[in-house]
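Residue-level structural notes
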Amino acid sequence: MKDPSTPSASRRRPRPLHLVIIGAPKAFAACSSLLLLGLLLPLETSIVAAAAAAASASASAPSSTSSASSYGKPPCPEGTLESSILGRTLCATSCQDGGTPSCPPKPPGSVAEPQCILQVPKESGGTVPGTWAGQKYCGLVCTADSYCPPGSKCTRLEVGQGDAFMKENPLATVSPILVPQDNVLGVCTYKAKKQKKGKEKKGQVLDLSMKLLGLQVLKQHSIQPPPGTTEL
């Protein structure tokens, strides 16, 4: 006879139940794919939105290349003329004082402000096709070299230079006591390349005058312009 305290075979600990789910690997893979897709979609949307915003900003931003070329050194791009000012050079854009077209924006690295301040003197009118005496051009107005774009300098009229230069320089007969040289406004220009002997220069260079800038300086100091300097 069996001892009642001994558990029978039917009372022994039941074996663990193993459930077999048909197609479990496929279902797990599908769930994983959905989870991964849910994580990637917001990321992809953010990347696309950021790229679109960058493209829009780039399209709306003014071109620094075009503004730099308008006040740069030769060779000059289309729409500008190689110009000469007191032996130095720059690419100048024609303008109308207070009208259209106006001057291009200042290039990066420049503190000097664009003004329709340069003028074709009477002697240079027509020397370059499409130009005439009194025609105006843009320049970056400065008071020191540090105001100008890299590589350029502030070219200024000289105070008290003498009667011989009075025609294009209203400051030629003014005393430096009344107008200190450091207070004179100028235009940002570049060093002109020396022409080799026996070699003709390609293209034509337009001579420009800073007379209007000199008259502006006299007005700022409440000084009456010398006779004849206000005429073309």
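Computed from a prediction, not measured in an experiment: that's the story for all the values here.

The rules behind each value
Residues numbered from 1 in each chain as written. Predicted model: local features only at pLDDT ≥ 70, side-chain atom pairs only at ≥ 80, totals over all residues. Heavy atoms only, no water. Helix = DSSP H or I, 4+ residues; strand = E, 2+ residues; numbered from the N terminus. Buried < 20%, exposed > 50% of the residue type's maximum accessible area, 1.4 Å probe, protein only. Areas by Shrake-Rupley, 256 points an atom, 1.4 Å probe, with all protein chains shown as cover. Pairing = 2+ DSSP bridges. pLDDT = per-residue confidence, 0-100. Contact = heavy atoms within 4.5 Å. Polar contact = N/O pair within 3.5 Å; in protein donor to acceptor, adjacent residues only side chain to side chain. Salt bridge = Lys/Arg side-chain N within 4 Å of Asp/Glu carboxyl O.

Regarding the overall build of the protein
- Tallying secondary structure elements over the protein gives three helices and eight strands in all.
- Helices and strands appear in the protein in the N-to-C order α-α-β-β-β-β-β-β-β-β-α.
- When each of the 232 residues of the protein is scored for burial, the buried share is 30%.
- Surface exposure of the protein reaches about 15,600 Å², of which carbon and sulfur atoms provide 60%.

Considering the pairing of strand 1 (residues 81-85)
- Most of strand 1 sits out of view: four of its five residues are buried.
- Pairing of strand 1 with strand 2 (residues 88-92) involves five bridges; the strand directions are antiparallel. Residue E82 lies in a different strand from strand 2, and its bridge partner there is C91.
- In this antiparallel pair of consecutive strands, strand 1 and strand 2, the connection spans two residues, and L86 shows a positive phi of 50°.
- Note that strand 1 and strand 8 (residues 206-207) share two bridges and pair parallel. By the bridge assignment for strand 8, S84 is matched with D207.

Thoughts on the confidence of the model for the protein
- On average, residues of the protein carry a pLDDT of 77, and 64% of them reach 70 or more.
- The model gives residues 17-22 a pLDDT under 50, and that stretch makes zero contacts with residues more than four places away or in other chains.
- Within the model, the stretch residues 54-65 combines pLDDT values under 50 with one contact to residues more than four positions away or in other chains.

Quick look at the side chain of T80
- Along the chain, T80 turns up in the loop between helix 2 (64-70) and strand 1.
- The exposure class assigned to T80 is buried, which follows from its relative accessible area of 14%.
- For T80, the side chain forms a polar contact with the main-chain oxygen of P77, separated by 2.8 Å.
- Discounting chain neighbours no more than four positions away, the residues touching T80 are S70, C91, A92 and T93.

Things to note about the pattern of salt bridges
- Using the criterion set out here, one finds two salt bridges in the structure.
- Between E123 and K167 there is a salt bridge, with its nearest N and O atoms 2.7 Å apart. Placement of E123 in the loop between strand 4 (113-119) and strand 5 (136-142) and of K167 in the loop between strand 6 (153-156) and strand 7 (186-191) is noted, with a sequence separation of 44 residues between them.

With respect to the environment of L90
- Along the chain, L90 falls in strand 2.
- In sequence terms L90 and G139 are 49 residues apart; their C-alpha atoms lie 8.8 Å from each other.
- Non-local contacts of L90, meaning those with residues more than four positions away in its chain, are made with G72, C76, L81, E82, S83, I85, C188 and T189.

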